[in-house]
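Listed below, chain by chain, are the residues.
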Amino acid sequence: MKVGLTERLDSFVRKHNDRQLAALPLIVLVISLIILAITFASSGAPVKLGMDFEGGTMISMASQESVATIQQKYADYPITDVRQAGSRIIMQFGPMSDELQEQLVSDVIESYENVEINQVGPVYGASLQKQAVKAVIVSFIGMAIVVFLIFKTFVPSVAVVISALSDIVIAAAFMNIVGIELSLGTVAALLMLIGYSVDSDILLTTRVLKRRGTPQENISNAMHTGVTMTTTTLAALVAMYIISTFSYVLSPTFSQITLLSNISIVLIFGLVADMMNTWMLNTSILRWHVTSVGTRRRKA
């Protein structure tokens, strides 16, 4: 299956010129930026902030009541999400006054069994938000510096940075589309995407710039290794997503692990975007760069 995918991708790259290859990734990037801009204009953040950053209360309890019944029962509180995971109901509330929060907690504890409560204050959430933004910025800048030090060539280095940036932007836009909130877990997933992206891009760039042979031969060789690496990781992430999201189907005693579910789905979509950006966008830039350098050398 992996070999078939690699062969089809290699054939696709060979049949299309550099402009054609770069067109689709750039169109997807522009659409993703528009989605982030719309979200920012409506909410003040490019991705909808979760409880970790906005503050709020998450309550999990054993209940046989329906989601609609629970939602109606607690409609007087700032409830933002209700979902069922096996034999448990998970409710999420936005920030509220201390008095209202105490009333909510007291009501839930008296009404249900096996209650689990997680609270995050708005001040602490704002502090976490600043730290998360710093982590993403510092990680990205550090990655860019390392890439420039490795290749010491402007165009290939910029291609790697653009590819990594596009992976993060597309993954963030996907989060907005499917309604995944930004949490500490999804921030970790976005940071991991930087590593995954640079891994495949550096493999491609090193093969093309530092090995003998035609650019297309080097691209094909890098593709066989890179696609195998990515598909192997995707298989593991798909397994993690299925287990963390649907384990309660096997037994009502299991509950959905929302953190792992969100991390895995963000990484899955980010890696799919990385395959497009690496083997179409980055490949087209590298192929154009190597051809242009070769042409200038022959003229000289």
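Since this is a predicted model, take the numbers as computed values, not measurements.

Procedures and definitions
- Residues numbered from 1 in each chain as written.
- Predicted model: local features only at pLDDT ≥ 70, side-chain atom pairs only at ≥ 80, totals over all residues.
- Heavy atoms only, no water.
- Core = buried A, V, L, I, M, F, W, Y, C linked by side-chain atoms within 4.5 Å.
- Buried < 20%, exposed > 50% of the residue type's maximum accessible area, 1.4 Å probe, protein only.
- Helix = DSSP H or I, 4+ residues; strand = E, 2+ residues; numbered from the N terminus.
- Contact = heavy atoms within 4.5 Å.
- UniProt positions renumbered as here; feature names shortened; annotations may be inferred.
- Pairing = 2+ DSSP bridges.

Asker: Mind laying out the nonpolar core, listing which residues take part and the relevant values?
Answerer: Met143, Leu182, Val266 and Trp279 are the most contacted members of the largest nonpolar core, which has 56 residues in total. Put simply, the parts of the chain that give this core at least two residues each are helix H1 (2-15), helix H2 (18-43), helix H6 (122-151), helix H7 (154-178), helix H8 (184-210), helix H9 (215-250) and helix H10 (258-299). No other element matches the 12 residues that H10 contributes to this core. Those residues in contact with Val266 that lie beyond four places of it in its chain are Ala171, Met175, Ile180, Thr186, Ala189, Leu190 and Leu193. Within the second largest apolar cluster, 14 residues are counted, among which are Ile59, Tyr77, Phe93 and Val108.

Asker: Summarise the UniProt feature "transmembrane region" (unreviewed entry) in the chain; cite the residues concerned and give the values.
Answerer: Mapped onto the present numbering, the UniProt feature "transmembrane region" (unreviewed entry) falls at residues 21-41, 132-151, 158-178, 184-204, 225-248 and 254-273. Its end C-alpha atoms 32 Å apart, residues 21-41 is made of 100% helix and 0% strand. The distance separating the terminal C-alpha atoms of residues 132-151 is 29 Å; by composition the span is 100% helix and 0% strand.

Asker: With reference to specific residues and values, describe the pairing of strand E1 (residues 56-62).
Answerer: For E1, the tally of buried residues reaches five of seven residues, placing the bulk of the element in the interior. Pairing between E1 and strand E4 (residues 113-120): six bridges, direction antiparallel. Residue pairing across strands places Ala62 opposite Glu113, the latter belonging to E4. Summarising the sheet, E1 and strand E3 (residues 88-93) pair through six bridges and their orientation is antiparallel. Within the sheet, the bridge partner assigned to Ser60 lies in E3 and is Ile90.

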